[in-house]
Amino acid sequence: METQNSEYQAAIMPTYGRIDLSFVRGEGCYLITDDNISYLDCASGIAVNTLGHCHPKLVETLSNQAHTLWHTSNLYRIPDQERLAFRLAQACKLDHVFFCNSGAEANEASVKMARRFQYRQNKQDKTTILCASGAFHGRTLGMLSATANPAYREGFGPSVAGFEHVAFGNLNELRAAINEKTAAIMIEPVQGEGGANAAPDGYLQGLREAADEFGVLVIADEVQTGMGRTGSLFAFQQYGIQPDIVALAKGLGGGIPVGAVVARADIGNAMGPGSHGSTFGGNPLAMAVANSVVDVLQEDGFLQHVQEISSYLNTYLVKLSEQYPSLIKEIKGLGLLRGIGLQECFAAADLSSALRDKHILTVQAGLNTLRIIPPLIITKSEIDILCNALTICFEEKSHEL
Ligand SMILES: *Cc1c(COP(=O)(O)O)cnc(C)c1O
């Protein structure tokens, strides 16, 4: 059994630094190993399992749909796709939706839409996409060029042209970078992989104004921040701006791979039949589940719960940072996308590992940040479990110094 396991494991291409743990079951906010140890999941499969594991509504929807219809292709109408499109468009105050299967694909499509829109406006030269330092937009060749971190690009050949980077949060630099070639600005309202960095006050409004002034589109990459993660359905709502294009994925399917791009009608109309496509995108199986996710997010009080629980967590984290200033640099993020920015003496990987020893799962982000992205259904008592474990970890580490 042992040899076989390691032979199987060796067949996996080593693109991930994996933790030697595997789970056989999920229940609410817990993941359970084969030897029946429960881990409190504060990583949510990287901001995916918004409704926790095996949410009864999603299980029911998925099993019903599995017995009915899985896939038909976009050669035919898909009623659940039309319904989800309508709901997402309404919620974003936009008009058209394109469905795909992942965040990188959603961002790729967003860039195509922005360029095609400018092209149809007779602004053929407007092709450049402005992105932010610390941004993460995915791993396709195109999105590698949109992603700021050069480590992700090493050895993958020439960068795709047409992407430029400016310092995240710096309006002067952004305005100075906009020119007659700029098609769109692509921005995460809160940078996820970059370290739970929330856009500073006024930045997104200023960005929107600058974009309007120069005929530039705003693409909100809400792949991680969308679907209730930050306490509103989309993070841009809390910043009081209206994007032209919104990219979604991660939380949208609650664990079923699905991505979406929501755009204004004139942008959608600039696309047209044959301009873009996806074999799997928006198939009946994914659409049924994503509609159920939206059903739950739109239930009375759901988002209020996210706001309350995240402010409960944040209050605790801020207190912790005051208690251990030599270990904690800052508390970052918004809603249930929180980051503990650590001082250099404490590696986020070590904190994450210490928490794992206490059966709590978290994930690192950006520059030495521990990211806390639990299912949105997490309760106060589960947050208490996390907080108590954090206190013990910081107390232990402070004795080491
Ligand atoms: C995860 C992520 C992506 C990439 O999504 P994939 O589904 O892994 O392709 C893009 N943008 C943001 C903000 C993300 O957090």
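Residues numbered from 1 in each chain as written. Predicted model: local features only at pLDDT ≥ 70, side-chain atom pairs only at ≥ 80, totals over all residues. Heavy atoms only, no water.

## Here we look at the packing of helix 12 (residues 302-323) against helix 14 (residues 380-400)
Helices that pack against each other are described as a pair by the angle of their axes relative to one another and the distance between those axes.
Piece 1. Interaxial distance between helix 12 and helix 14 falls to 10 Å at its minimum, and their mutual angle equals 15 degrees. Of the possible angle classes, the one that applies to helix 12 and helix 14 is roughly parallel. You can see that helix 12 and helix 14 cross each other, and the crossing is right-handed. Along the contact surface, helix 12 presents Ile309, Tyr312, Leu313, Tyr316, Leu317 and Leu320, while helix 14 presents Lys380, Ile383, Asp384, Leu386, Cys387, Asn388, Leu390, Thr391 and Phe394.
Piece 2. Considering only residue class, the contact of helix 12 with helix 14 consists of 11 nonpolar, two polar and two charged. (Axes fitted to C-alpha atoms, helices over the stretch in contact; angles between N-to-C directions. Helix = DSSP H or I, 4+ residues; strand = E, 2+ residues; numbered from the N terminus. Parallel < 35°, antiparallel > 145°, perpendicular 65-115°, else oblique. Left-handed = near helix turned anticlockwise from the far one by under 90°. Contact = heavy atoms within 4.5 Å. Nonpolar A, V, L, I, M, F, W, Y, C, P; charged D, E, K, R; others polar.)

## Describing the pattern of salt bridges
Pairing is possible between side chains of opposite charge, provided their charged atoms come close.
Piece 1. Evaluation of the coordinates by the stated rule reveals 13 salt bridges.
Piece 2. With a closest N to O distance of 2.8 Å, glutamate 82 and arginine 77 form a salt bridge.
Piece 3. Glutamate 82 sits in the partly exposed class, given a relative accessible area of 37%.
Piece 4. Between arginine 208 and aspartate 244 there is a salt bridge whose closest N-O contact spans 3.0 Å. Of this pair, arginine 208 sits in helix 8 (residues 203-213) while aspartate 244 sits in the loop between helix 9 (235-239) and strand 11 (245-248), and the two are 36 residues apart along the sequence.
Piece 5. Relative accessible area serves as the criterion here: at 11%, arginine 208 is assigned to the buried category.
Piece 6. Each of Arg208, Asp212, Asp244, Arg264 and Asp266 takes part in a single network of salt bridges with overlapping partners. (Salt bridge = Lys/Arg side-chain N within 4 Å of Asp/Glu carboxyl O. Buried < 20%, exposed > 50% of the residue type's maximum accessible area, 1.4 Å probe, protein only.)

## Here we look at the domain arrangement of the protein chain
Piece 1. What the domain assignment lists for the protein chain is domain 1 (2-55 + 300-400) and domain 2 (59-297).
Piece 2. The C-alpha-based centres of domain 1 and domain 2 are spaced at 26 Å.
Piece 3. Contacts between the two partners involve 29 residues from domain 1, matched on the other side by 27 residues from domain 2.
Piece 4. A combined buried area of about 2,200 Å² lies between domain 1 and domain 2, and 62% of that area is made up of carbon and sulfur atoms.
Piece 5. Per-residue buried area on domain 1 facing domain 2 is highest for Leu303, Leu334 and Leu337; these three make up 26% of the total on that side.
Piece 6. Remark: the boundary between domain 1 and domain 2 carries one salt bridge. (Domains from an automatic or database assignment. Buried area = accessible area lost by both parts, 1.4 Å probe.)

## Considering helix 14
Piece 1. Taking 1.5 Å per residue as the helical rise, helix 14 with its 21 residues ought to reach 30 Å, and the 30 Å between its terminal C-alpha atoms agrees with that figure.
Piece 2. Burial in helix 14 covers these residues: Glu382, Ile383, Leu386, Cys387, Ala389, Leu390, Cys393, Phe394 and Lys397. Seen from one end, helix 14 has its buried residues packed into an arc of 165 degrees, which puts them on one side. (Expected span 1.5 Å × (residues − 1). Arc of directions from axis to C-beta.)

## Focus: the sheet that holds strand 16 (residues 363-365)
Piece 1. The four strands lie next to each other as 13-14-17-16, forming an open sheet whose pairing is antiparallel. The sheet is open, and its two borders are formed by strand 13 (328-334) and strand 16, each paired with just one other strand. Shown here is a sheet whose adjacent strand axes are inclined to one another by a mean of 30 degrees, direction ignored.
Piece 2. By the bridge criterion, four bridges tie strand 14 (residues 337-342) to strand 17 (residues 369-372) in an arrangement that is antiparallel. Bridge pairing in strand 17 links glycine 339 to arginine 371.
Piece 3. Contacting strand 14, strand 16 and strand 17, helix 13 (residues 348-357) crosses the sheet at an angle of about 40 degrees to strand 17. (Pairing = 2+ DSSP bridges.)

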